[in-house]
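Given next are the chains, with one letter for each unit.
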Amino acid sequence: NQLGFVWGRLQPEWNNVIEALMTYKILNNGDVMVPSTFVVPYGDNMWPRATWGIQLGNCVYRIRSRHDFLQGDNYASRKAQLD
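Structure report, in brief. Keep in mind that this is a model prediction, so the values were computed, not measured.

### Points about the overall build of the protein
Summing up its helical and strand segments, the protein has 3 helices and 0 strands in all. Each helix (α) and strand (β) of the protein, taken in turn from the N terminus, gives the series α-α-α. Of all 83 residues assigned to the protein, the portion counted as buried reaches 28%. The contacts in the protein between residues at least 6 apart in sequence include a share of 42% that link residues at least 24 apart. Accessible surface for the protein amounts to roughly 5,900 Å². Of this, 54% is attributable to carbon and sulfur atoms.

### Focus: unusual backbone geometry
Even without a glycine there, the phi angle at N29 is positive, about 55°. Locating N29 in the fold gives a position in the loop between α1 (11-27) and α2 (56-66). The exposure class of N29 is exposed, given its relative accessible area of 79%.

### Things to note about the environment of V60
Within the secondary structure layout, V60 lies in helix α2. Sequence spacing of V60 and L21 is 39 residues, and the spatial spacing of their C-alpha atoms is 8.4 Å. Other than its neighbours up to four places away in sequence, V60 contacts L21 and V34.

### Some thoughts on the side chain of T51
Mapped onto the fold, T51 is located in the loop between α1 and α2. On the accessibility criterion, T51 (0% relative accessible area) is buried. Excluding residues that lie within four positions of it along the chain, T51 makes contacts with N16, E19, A20 and V40.

### Focus: the packing of aromatic side chains
Here the structure, examined in full by the defined rule, presents 2 aromatic pairs. For the ring pair Y24 and F38, a centre distance of 5.3 Å and an interplane angle of 70° mean the geometry is edge-to-face. Of this pair, Y24 sits in helix α1 while F38 sits in the loop between α1 and α2; the two residues are 14 residues apart in sequence, bridging distant segments of the chain. A ring pair is formed by F38 and W47, whose centres lie 5.7 Å apart and whose planes are at 40°; its orientation type is tilted. An aromatic cluster of at least three residues, connected via ring pairs, comprises Y24, F38 and W47.

### Observations regarding the side chain of T23
Mapped onto the fold, T23 is located in helix α1. For T23, the contacting residues outside a window of four places in its chain are M46, W47 and P48.

Cut-offs and rules
Residues numbered from 1 in each chain as written. Predicted model: local features only at pLDDT ≥ 70, side-chain atom pairs only at ≥ 80, totals over all residues. Heavy atoms only, no water. Helix = DSSP H or I, 4+ residues; strand = E, 2+ residues; numbered from the N terminus. Buried < 20%, exposed > 50% of the residue type's maximum accessible area, 1.4 Å probe, protein only. Contact = heavy atoms within 4.5 Å. Areas by Shrake-Rupley, 256 points an atom, 1.4 Å probe, with all protein chains shown as cover. Phe/Tyr/Trp six-rings, centres within 6.5 Å; stacked < 30°, edge-to-face > 60°.

Quick look at the structure:
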């Protein structure tokens, strides 16, 4: 915008979390009950490189309990991605 702010700075992080969650679901026969301590392993080619090291269990917990990433203008589209 005119002030030079990047308002969508969390969008790339959201994209990586969604990609990791989709991969988790595929690798776990449709299960998305991610353990809270689960971290996407480094160097595992079953996972997209951009997701390596993501604390997926923590992210899923925050989305479910605090609605992190699900606020503001992106709420509806992001909620739809999770459904």
